[in-house]
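Observations on the three-dimensional arrangement
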Amino acid sequence: MQISLFVIDRVESHPRVRLDLKKQAHLLIDGYNVIHGLPELKGILDRDKELARDELARIARAIHDGDNIRVTLVFDGAGVDHEIVRPGKELTFSYLFASASSTADEVIERLLANEMEPTTVTVVTRDRAILHAALEAGASTMTSEDLVKWAERSAGEERERAARTRPADEDEFGVDLNNLLR
C-alpha cells in the first residue's frame, strides 16, 4: 500500500531554521504517542479524543506559522483508507489518519522510506521503533517536551514580530473608533 501526500519544498531541519525559497522542513508528529507523553494532553485525551488532537495541533500550528514548517500529525484511524484532513486551507498542515488495516507507526515508517530528502524531516515520538526508523532514514528526532518548547519559542517570536509591525497610531485608532460609537 502506497501513501501519497503533496510534496512541498523543504529546508534543513532544525527548530530555529527559517525557510529559503528552495526547501521546506517537515515536522512529522506521532500524534497519540506525543499526546500520551504530555500530561496535560493525556488528561484531555481521557475526556475528549478530538479535543486532545486539536490541542496538539494548536501546539504544532505555532511552529507551522511561526517558522514556516510543514507539519503532519499522524494518528491511528478506523477508516477503510488513509484519510488526510486539513483544518485550514494550507497544504502544509495536515492530520493523517491511518487506515484500519494499518497503524500510525507503519504510516510514519512508509513516509520516511519514501521521503526524497529525509534530512529535512524531524520526527516527534517516544516510540523506539519509530525513533530507530527515523535515524536510520537520516531524519532528526525530537521529544514531546522539546516540541512544546519549540512551539512556545515560535509563538513568542511571532508575537514580537507582530508587535514590531503594528502601526504606532493603532492605539489612537481604537480610541477614535470608541468616540464614533458614542
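Residues numbered from 1 in each chain as written. Predicted model: local features only at pLDDT ≥ 70, side-chain atom pairs only at ≥ 80, totals over all residues. Heavy atoms only, no water.

1. Considering the packing of helix α4 (residues 104–114) against helix α5 (residues 128–137)
To describe two helices that pack against each other, one gives the angle between their axes and the distance between the axes. The test is simple: Only the contacting stretch of a helix is used when fitting its axis, a line to C-alpha atoms as for every element, and angles between N-to-C directions run 0 to 180 degrees. A run of H or I in DSSP becomes a helix once it reaches four residues, and a run of E becomes a strand once it reaches two; helices and strands are each numbered from the N terminus. Between 65 and 115 degrees an angle is taken as roughly perpendicular, under 35 as roughly parallel, over 145 as roughly antiparallel, and anywhere else as oblique. Contacts are assigned to residue pairs that have any heavy atoms within 4.5 Å of one another. In this classification, Asp, Glu, Lys and Arg are treated as charged, Ala, Val, Leu, Ile, Met, Phe, Trp, Tyr, Cys and Pro as nonpolar, and every other residue, Gly included, as polar.
Put simply, α4 and α5 touch, their axes get as near as 10 Å, and they point 5 degrees apart. In terms of axis orientation, α4 runs roughly parallel to α5. Mapping the contact onto sequence places Asp 105, Ile 108, Glu 109 and Leu 112 in α4 and Ala 129, Ile 130, Ala 133, Ala 134 and Ala 137 in α5. Class assignment for the residues of the contact of α4 with α5 results in seven nonpolar, no polar and two charged.

2. Remarks on the packing of aromatic side chains
Selection criterion: Note on aromatic contacts: the rings of Phe and Tyr and the six-membered ring of Trp form a pair at centre separations within 6.5 Å, being stacked when their planes are under 30 degrees apart, edge-to-face when over 60 apart, and tilted otherwise. Categorising residues by exposure relies on relative accessible area from a 1.4 Å probe, with only protein chains included: less than 20% of the type maximum marks a residue as buried, more than 50% marks it as exposed, and the intermediate range marks it as partly exposed. Definition used: whenever NZ (Lys) or CZ (Arg) falls within 6 Å of the ring centre and also within 35 degrees of the ring normal, the charge is taken to sit over that ring.
Taken as a whole and judged by the stated rule, the model has four aromatic pairs. Centre to centre, the rings of Phe 75 and Phe 97 are 5.5 Å apart; their planes meet at 25 degrees, and the pair counts as stacked. Pair noted here: Phe 75 is in strand β2 (residues 70–79) and Phe 97 is in strand β4 (residues 93–99), with a separation of 22 residues, a long-range link. In this pair, the class of Phe 75 matches that of Phe 97, namely buried. A connected cluster of aromatic rings, assembled from ring pairs, spans Tyr 32, Phe 75, Tyr 95 and Phe 97. Taking NZ or CZ as reference, Arg 53 lies 5.9 Å from the ring centre of Phe 75, over its face.

3. A look at helix α3 (residues 49–67)
What counts, and what does not: A helix's residues, less one, multiplied by 1.5 Å, set its expected span. A residue's bend is simply the angle between two axes: one fitted to the seven residues ending at it, one to the seven starting at it. Between N or O atoms, a polar contact is any pair within 3.5 Å; within protein, one atom must be a potential hydrogen donor and the other a potential acceptor, and residues adjacent in sequence are included only when both atoms are from side chains.
Here α3 contains 19 residues, and its C-alpha end-to-end distance of 27 Å stays within 8% of the 27 Å for a straight helix at 1.5 Å per residue. At Ala 60, α3 shows its strongest bend, of approximately 25 degrees. Among the residues of α3, those classed as buried are Ala 52, Arg 53, Leu 56, Ala 57, Ile 59, Ala 60, Arg 61, Ala 62, Ile 63, His 64, Gly 66 and Asp 67. Buried-residue contacts for α3 involve β1 (26–30), α1 (31–37), α2 (39–47), β2, β4 and α6 (144–165). The N-cap of α3, judged by a side-chain oxygen 3.2 Å from the amide nitrogen of Glu 50 a few residues on, is Asp 48. Remark: Asn 68 follows α3 within two positions and exhibits a positive phi of approximately 55 degrees.

4. Side note on α6
One full turn of an α-helix is made of 3.6 residues, so residues set three or four places apart face in the same direction. Along its 22 residues, α6 runs 32 Å from first to last C-alpha, staying within 8% of the 32 Å computed at 1.5 Å per residue. Inspection of α6 places Ser 144, Leu 147, Val 148, Trp 150, Ala 151, Ser 154 and Gly 156 among the buried residues, and these make up the whole buried set.

5. Description of the sheet that holds β1
Stated precisely, the cut-off is as follows: If DSSP finds at least two bridges between two strands, the strands pair.
Taken in spatial order, the six strands of this open sheet run β3-β4-β2-β1-β5-β6, and their pairing is mixed. Of all strands in the sheet, those bounded by a partner on one side alone are β3 (83–85) and β6 (140–142). On average, each strand axis in the sheet is inclined to that of its neighbour by 25 degrees, with strand direction left out of account. Relative to strand β5 (residues 121–124), β1 is paired through four bridges, and the arrangement is parallel. For Ile 29, the partnering residue across the bridge sits in β5 and is Val 124. Packing of α5 onto the sheet brings it into contact with β1, β5 and β6, and relative to β6 it is tilted by some 150 degrees. Helix-sheet contacts for α6 involve β1, β5 and β6, and the interaxial angle to β6 is about 90 degrees.

6. Topic: the packing of α2 against α3
Direction vectors running N to C along α2 and α3 enclose 150 degrees, while the axes themselves pass 6 Å from each other. The angle between the axes of α2 and α3 places the two elements in the roughly antiparallel class. Contacts from Leu 41, Ile 44, Leu 45 and Arg 47 in α2 reach Lys 49, Leu 51, Ala 52, Glu 55, Leu 56 and Ile 59 in α3. Residue composition of the contact of α2 with α3, by class: seven nonpolar, no polar and three charged.

So far we have only geometry, and geometry alone does not tell us how the molecule works.
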